[in-house]
Amino acid sequence: MKIVIFDDDPTGSQTVCGCPLLLGWGQPVLKNALKHSSPLLFLLTNTRSMSADLAEERIRGVCESVKTALIRAGFLIEDVFFVSRGDSTLRGHGVLEPKIIHEILGPFDATFHIPAFFEGGRTTVNGVHLLHGCPVHKTEFARDQTFGYSTSALDSWLEEKSDGLIAAENVIRLSISLLDEACQSAIGMKRLLDFLVELVDNKSVIVDAQISEHLDILGKAVRSLQKNK
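Residues numbered from 1 in each chain as written. Predicted model: local features only at pLDDT ≥ 70, side-chain atom pairs only at ≥ 80, totals over all residues. Heavy atoms only, no water.

**Quick word on the overall build of the protein chain**
Right, on to step 1. What the protein chain contains, in helices and strands, is eight helices and 10 strands.
Right, on to step 2. The C-alpha radius of gyration of the protein chain comes to 17 Å, within 12% of the 17 Å expected for a compact globule of 229 residues.
Right, on to step 3. Principal-axis analysis of the C-alpha atoms places the extent of the protein chain at approximately 45 × 45 × 30 Å.
Right, on to step 4. Counting all 229 residues of the protein chain, 45% fall into the buried class.
Right, on to step 5. A separation threshold of at least 6 residues defines the contact pool for the protein chain, and within that pool the share at least 24 residues apart is 67%.
Right, on to step 6. Within the structure as shown, the protein chain displays about 11800 Å² of accessible surface, and the carbon and sulfur contribution to it stands at 52%.
Right, on to step 7. With 23 positive and 29 negative side-chain charges, the protein chain shows a separation of 6 Å between the mean positions of the two kinds. (Helix = DSSP H or I, 4+ residues; strand = E, 2+ residues; numbered from the N terminus. Rg over C-alpha atoms; globule rule 2.2 N^0.38 Å. Buried < 20%, exposed > 50% of the residue type's maximum accessible area, 1.4 Å probe, protein only. Contact = heavy atoms within 4.5 Å. Areas by Shrake-Rupley, 256 points an atom, 1.4 Å probe, with all protein chains shown as cover. Lys, Arg positive; Asp, Glu negative; His and termini not counted. Charge placed at Lys NZ, Arg CZ, Asp CG, Glu CD.)

In structure tokens form, the structure reads like this:
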């Protein structure tokens, strides 16, 4: 299994080690990277520094190259996880990039939006993204000249950033209570697995998370489903 991460800013790649980190995506370098024993492959696209038009052009090119390399290396696209790593304060092309990845490397059953970053005080509770307990739209990050936003409710944020293409009412939320139950019992884990298998047609899913165990159990559930395919 491979996990391909499209990283829109160098700060993310600084936190990993023991895996290939590519600044280019030509076929020779991708071919060698896919042979690496690590399941992770980081691609530094640096699209957060670009306009929407330039970011779309960049990410489309990267996705097409990755798709070609995976097929040539014998990977089944449906067995690869794709991660669009963005900013935990909701700045960046957080709707555009997953959309393009889905178009080229999908179709996917769901796109999970998980901006939680516990070390930096970013959590998501009841669908609202917080910075040290304060809704992020009340912080200076929401006043960013390029990537500003008016809401911390992630379903409404998705609607705002997609210009209405993702309706807030159609966004699904994975709650803390369900993740807590999955951490605590086999019955809870089954409920989480049942939730995941019901996702189809690239549903937009926002994930509540207050502690690392919430994301750990989600990862465990996803891996379990992948093994049982």
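Let us keep going from here.
**Side note on the layout of surface pockets**
Right, on to step 1. For the second largest pocket, the calculated volume is near 620 Å³.
Right, on to step 2. Around the second largest pocket, the lining comprises 27 residues; the ones closest to its centre are Val95, Leu96, Lys99, Ser162 and Ile166.
Right, on to step 3. Listing elements by their share of the lining of the second largest pocket, those giving two or more residues are α4 (96–105), β5 (110–113), α5 (154–161) and β10 (203–207).
Right, on to step 4. The greatest single-element share of the lining of the second largest pocket, amounting to four residues, is contributed by α4. (1 Å grid on protein atoms, 1.4 Å probe; cavity = no way out; pocket = protein on both sides within 12 Å on 5 of 7 lines; lining within 4 Å. Points joined across faces, edges and corners; volume = space filled by probe spheres on them.)

**Topic: the sheet that holds β10**
Consider a sheet: its strands pair through backbone hydrogen bonds, and that pairing is either parallel or antiparallel.
Right, on to step 1. Strands sit in the order β5-β10-β9 across an open sheet of three strands; the sheet is parallel. With partners counted over all chains shown, the strands left at the sheet margins are β5 and β9 (172–174), one partner each. Each neighbouring strand pair of the sheet contributes to a mean axis angle of 30°, computed without reference to strand direction.
Right, on to step 2. Where β9 lies against β10, three bridges are found, and the strand directions are parallel. Among the inter-strand pairings, isoleucine 172 is bridged to a residue of β10, identified as valine 205. (Pairing = 2+ DSSP bridges. Axes fitted to C-alpha atoms, helices over the stretch in contact; angles between N-to-C directions.)

**Structural notes on the pattern of salt bridges**
Right, on to step 1. Counted under the stated rule, the structure contains 12 salt bridges.
Right, on to step 2. In this structure, the salt-bridge partner of arginine 91 is aspartate 87, at a minimum N-O distance of 3.0 Å.
Right, on to step 3. On the accessibility criterion, arginine 91 (23% relative accessible area) is partly exposed. (Salt bridge = Lys/Arg side-chain N within 4 Å of Asp/Glu carboxyl O.)

**Quick notes on the packing of helix α7 (residues 186–197) against helix α8 (residues 212–227)**
Right, on to step 1. Contact geometry for α7 and α8: axes closest at 10 Å, N-to-C directions at 65°. Where α7 crosses over α8, the handedness of that crossing is right-handed. In contact with Met189, Leu192, Leu193, Leu196 and Val197 of α7, α8 contributes Ile217, Leu218, Lys220, Ala221, Val222, Ser224 and Leu225.
Right, on to step 2. Each residue belonging to the contact of α7 with α8 can be placed in one class, and the counts come to 10 nonpolar, one polar and one charged. (Left-handed = near helix turned anticlockwise from the far one by under 90°. Nonpolar A, V, L, I, M, F, W, Y, C, P; charged D, E, K, R; others polar.)

**Here we look at the environment of threonine 139**
Right, on to step 1. Among the structural elements, threonine 139 can be located in the loop between β8 (134–135) and α5.
Right, on to step 2. A relative accessible area of 10% means that threonine 139 is categorised as buried.
Right, on to step 3. The sequence separation of threonine 139 and threonine 89 amounts to 50 residues, and the corresponding C-alpha distance is 9.2 Å.
Right, on to step 4. Each residue touching threonine 139, except ones within four places of it in the same chain, is listed here: Leu131 and Cys134.
Right, on to step 5. For threonine 139, the side chain forms a polar contact with the main-chain oxygen of valine 136, separated by 2.7 Å. (Polar contact = N/O pair within 3.5 Å; in protein donor to acceptor, adjacent residues only side chain to side chain.)

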